[in-house]
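Examining the three-dimensional arrangement
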Amino acid sequence: MRITIAIDGYSACGKSTLAKALAAKIGYAYVDSGAMYRAVTLYCMRNKLIHEGSFDTAEVLAHLENINLSFKYNPATKSSDTFLNGENVEREIRKMEVSAQVSRISVVKEVRDKMCAIQRRLGKDKGVVMDGRDIGTHIFPDAELKIFMTADPEVRTQRRLDELTAKGTHVSFDEVRKNLDQRDHEDTHRKESPLRQANDAIVLDNSELSKEEQLEFVLKLVKQRDS
Ligand code: CDP
């Protein structure tokens, strides 16, 4: 039996690394819901809808129907690239400029509703691992397996810094830490489907776990549920 696996948690705690590895191991699709919010944010930035960190919600909503998101499997990375109106924006959406704005755009109810519809469509046949902030609480409240990931903020900052450095982006530890703190605050305090642990989620603190140990932990849980 194919199940639905929801992985939620704080910024940069390794959700997508784990979700991607898990999906590849069990032959499920992997969906990165954060990439969708990042792509919408990139659209808003490119179209000058965000001015010095603030925006007019009505203006963003007027553009919403012009934002077309699609996803295409990339064999090199073994996961899907995100396309914004036909353009591959996978690299651009990971940049710090986008990270700095995304949690503001992701509070908008209509933006969330649009992403929710896409995410539910992508997961309708089960056999999916989806990561984000509200997957177990809002998108798939009936998911058979829900993981809530967390890790020490210092560890998370270092991991994200290493990731950005490997991609050629040079930022300071403090800048990354500030961004993670700010997003965690905004994501947990917003009105629309805030980040919170679902009652039936299993907590995974991976501060001191290797990638292999995390995968092993989750694989055991999957086995218990899909037999
Ligand atoms: O990779 P990282 O943990 O840094 O973030 P992400 O998963 O790419 O998500 C970027 C941002 O999108 C989050 O900080 C949230 O503001 C928003 N998001 C959301 O509101 N709901 C989701 N299901 C996924 C992401």
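Anyway, here's the lowdown on the structure attached to this text. (Residues numbered from 1 in each chain as written. Predicted model: local features only at pLDDT ≥ 70, side-chain atom pairs only at ≥ 80, totals over all residues. Heavy atoms only, no water.)

1. Regarding the pairing of strand 6 (residues 79-84)
- By the criterion of burial, strand 6 is predominantly enclosed, with five of the six residues buried.
- Here six bridges tie strand 5 (residues 69-74) to strand 6, and the two strands are oriented antiparallel to one another. Paired with Asn-74 across the strands is Ser-79, a residue of strand 6.
- Here strand 5 folds back onto strand 6 in antiparallel fashion, the turn holding four residues, of which Lys-78 has a positive phi close to 55°.
- With two bridges connecting them, strand 6 and strand 7 (residues 87-88) associate as antiparallel partners. Among the inter-strand pairings, Leu-84 is bridged to a residue of strand 7, identified as Glu-87.
- Linking strand 6 back to strand 7 in an antiparallel pair, the connection comprises two residues, with Asn-85 at a positive phi of about 45°. (Buried < 20%, exposed > 50% of the residue type's maximum accessible area, 1.4 Å probe, protein only. Helix = DSSP H or I, 4+ residues; strand = E, 2+ residues; numbered from the N terminus. Pairing = 2+ DSSP bridges.)

2. Points about the pattern of salt bridges
- Going through the model one piece at a time under the given rule, you end up with 17 salt bridges.
- Residue Asp-125 is joined to Lys-124 by a salt bridge in which the shortest nitrogen-to-oxygen separation is 3.3 Å. For the pair formed by Asp-125 and Lys-124, the shared burial category is exposed.
- In this structure, the salt-bridge partner of Lys-146 is Asp-200, at a minimum N-O distance of 3.1 Å. Placement of the pair is Lys-146 in strand 9 (residues 145-150) and Asp-200 in the loop between helix 8 (173-189) and strand 10 (202-205), with a sequence separation of 54 residues.
- Residue classification places Lys-146 among the buried residues on the basis of a relative accessible area of 5%.
- Among the charged side chains, a salt-bridge network with shared partners connects Asp-32, Glu-90 and Arg-94. (Salt bridge = Lys/Arg side-chain N within 4 Å of Asp/Glu carboxyl O.)

3. Focus: the side chain of Gln-119
- Its location among the elements puts Gln-119 in helix 5 (residues 109-122).
- According to the relative accessible area criterion, Gln-119 is buried, its value standing at 0%.
- Those residues within four positions of Gln-119 in sequence are excluded, and the remaining contacts are Ser-33, Met-36, Tyr-37, Met-130, Ile-135, Ile-139 and Phe-140. (Contact = heavy atoms within 4.5 Å.)

4. Let's talk about the environment of Val-203
- Along the chain, Val-203 falls in strand 10.
- With relative accessibility at 42%, the residue Val-203 sits in the partly exposed group.
- Residues within four places of Val-203 in sequence aside, it is in contact with Phe-148, Thr-150, Gln-197 and Phe-217.

5. Here we look at the sheet that holds strand 5
- As summarised here, the arrangement of the three strands in space is 5-6-7, forming an open sheet in which the pairing is antiparallel. Because the sheet does not close on itself, it has two edges, and the strands there are strand 5 and strand 7.
- The sheet strands contacting helix 2 (residues 33-46) are strand 5, strand 6 and strand 7, and the helix crosses strand 6 at an angle near 25°. (Axes fitted to C-alpha atoms, helices over the stretch in contact; angles between N-to-C directions.)

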